[in-house]
Amino acid sequence: MALSLTLPNTGGTLAPYALRGTAPVKPDAGVKFDRIAYSAAHVVADPLAAVDPWLQAAVDWDTTIAYRRHLFSLGLGVAEAMDTAQRGMGLDWPTSLELIRRSLDAAQDTPGALVASGCGTDHLDIDDVKSVDDVIRGYEEQMAAIEKLGGKLIVMASRALARVAKGPADYERVYDRILGQAKQPVVLHWLGDMFDPALAGYWGTKDVNAAMDTALGIIAAHPDKVDGIKISLLDKDKEIAMRRRLPATGGADGRGVRMYTGDDFNYAELIAGDGFGSAPTHGKSDALLGIFDAIAPAASAALGALAQGDTAKFHAILGPTVPLSRHIFAAPTRFYKTGVVFMAWLNGHQKHFTMVGGQQSTRSLVHFAELFRLADAANLLEQPELAVRRMKTLLALHGVEG
């Protein structure tokens, strides 16, 4: 018997919805990807903790780390303590460092598991940051703590730097200092202001092409210290243009600095690539994506197909997930974490739909209803009966029965 429920529409009306009933794709076991793929992973809040959710972070560690093990089992790396984990938006630095420590420990149980960890300046009181030197010291403090654990760095974009920098030269000074000290090649991180308005004008200018020039200049000065750069501008043409200009030597393996797509609107075509040029890093993007948390089995299956040369299958699996991703990351884009955690709840990876910082309240019931439809259309509901029960629970909480 078909599963069905009543869902709200954008016009404020209710309508019956019957699930498609198509089984989710299952990744082939043992396939090695020919792209590096990190999922920026979410954290699971502890709903029983006696804290003020807007002010204090309480994490369900067992469930949070179990989800990382799930990602590792699918061949995906984990980009830890990043924006998807509500870094700087509910998750403070001491909790982030504990999360990094626990993820690195968990990765040791899976041969070849990749973890890269967010290194930033979010522990600083931004009102006390008066100079670029303050920003450097902030980065160095987190850098030392993560490297002490043996972790690889993702040098996150800094709100403090965006606030105090006078121009591109200040960015060059900060990144030259940090890259010069790094113990192993790092991933740089360029997050557009649609993800975080406090990062407007990053790299010293609001002109994206000029900002790209500055970032590329920093990378060119340290090609052996930069594994790659993750950019999240939601502009595929900008990403492709920058990808083609990255150093063809250097990087973590000497074969060039990688482009890690953070484009949650256009990731399928960017990962597939356009085959431009002779440098292997110029014609395709690797991945560091928040949406891979929500679509992990499909991402794994698609990357496996791509590695086996089956581009058609890659697009057939990943293409239907793009409308869902565009919905989850719709403006205000910074609230996308809510959709990611909602998917984890629907699919049974956590028992509740509460978030650090109370962020489950940032999207409307109509938004969740459309997310449910799109997840079903993309064959991403791993346990349809459970997903329907949980969706009905949310609907009843909002006064919708049936």
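Residues numbered from 1 in each chain as written. Predicted model: local features only at pLDDT ≥ 70, side-chain atom pairs only at ≥ 80, totals over all residues. Heavy atoms only, no water.

Quick look at the overall build of the protein now. Across its full length, the protein holds 15 helices and 10 strands. Here the C-alpha atoms of the protein give a radius of gyration of 21 Å, agreeing with the 21 Å that 2.2 N^0.38 yields for 402 residues. Out of the 402 residues in the protein, the part that is buried amounts to 55%. Across the protein, the fraction of contacts at a sequence separation of at least 24, relative to all contacts at a separation of at least 6, is 75%. Carbon and sulfur atoms make up 52% of the accessible area of the protein, which amounts to about 16000 Å² in all. Here the protein contributes 40 positive and 46 negative side-chain charges, whose respective centroids are spaced 2 Å apart. (Helix = DSSP H or I, 4+ residues; strand = E, 2+ residues; numbered from the N terminus. Rg over C-alpha atoms; globule rule 2.2 N^0.38 Å. Buried < 20%, exposed > 50% of the residue type's maximum accessible area, 1.4 Å probe, protein only. Contact = heavy atoms within 4.5 Å. Areas by Shrake-Rupley, 256 points an atom, 1.4 Å probe, with all protein chains shown as cover. Lys, Arg positive; Asp, Glu negative; His and termini not counted. Charge placed at Lys NZ, Arg CZ, Asp CG, Glu CD.)

As a further point, take the sheet that holds strand 7 (residues 186-191). The strands that make up a sheet are held in pairs by hydrogen bonds between backbone atoms, and each pair lies either parallel or antiparallel. Pairing is parallel around the closed barrel formed by eight strands, whose spatial order is 3-4-5-6-7-8-9-10. Taking each pair of neighbouring strands and ignoring which way they run, the sheet shows an average axis angle of 25 degrees. Relative to strand 9 (residues 258-261), strand 8 (residues 226-232) runs parallel, the two being bridged by four bridges. Paired with K230 across the strands is Y260, a residue of strand 9. Seen against the sheet, helix 1 (residues 61-73) touches strand 3 (37-40), strand 4 (77-80) and strand 5 (115-119) and runs at an angle of roughly 140 degrees to strand 4. The sheet strands contacting helix 2 (residues 93-107) are strand 4 and strand 5, and the helix crosses strand 5 at an angle near 170 degrees. (Pairing = 2+ DSSP bridges. Axes fitted to C-alpha atoms, helices over the stretch in contact; angles between N-to-C directions.)

Attention shifts here to the environment of K130. Tracing the chain through its elements places K130 in the loop between strand 5 and helix 3 (132-148). For the pair K130 and L161, spaced 31 residues apart in sequence, the C-alpha separation works out to 9.7 Å.

Let us look at the packing of aromatic side chains. Per the stated rule, a full pass over the model turns up 17 aromatic pairs. Between W190 and W203 the ring centres are 6.2 Å apart and the planes differ by 85 degrees, which places this aromatic pair in the edge-to-face class. Residue W190 is found in strand 7, and its partner W203 is found in the loop between strand 7 and helix 6 (208-221); the two are separated by 13 residues along the sequence. Just as W190 is buried, W203 falls in that class too. Each ring, one from F342 and one from F368, has its centre 4.6 Å from the other, and the planes form 40 degrees; the classification is tilted. One end of the pair, F342, is in helix 13 (residues 336-346); the other, F368, is in helix 14 (residues 365-377), and 26 residues separate them in sequence. By the burial criterion, F342 is buried, and F368 matches it. (Phe/Tyr/Trp six-rings, centres within 6.5 Å; stacked < 30°, edge-to-face > 60°.)

We now examine helix 13. Burial within helix 13 is extensive, with 11 of its 11 residues counted as buried. Turning to helix 13, its buried residues are Y336, K337, T338, G339, V340, V341, F342, M343, A344, W345 and L346. If you follow the buried residues of helix 13, they end up packed against helix 9 (291-294), helix 12 (321-328), helix 14 and helix 15 (384-397). Of the residues trailing helix 13, G348 is marked for its positive phi of about 80 degrees.

A word on the pairing of strand 10 (residues 286-289). Of the two faces of strand 10, the one carrying D286 and L288 and the one carrying A287 and L289 are both buried. Examined bridge by bridge, strand 3 and strand 10 share three bridges and lie parallel to one another. When the bridges of strand 10 are listed, Y38 appears paired with L288. Relative to strand 10, strand 9 runs parallel, the two being bridged by two bridges. For T261, the partnering residue across the bridge sits in strand 10 and is A287.

So far we have only geometry, and geometry alone does not tell us how the molecule works.
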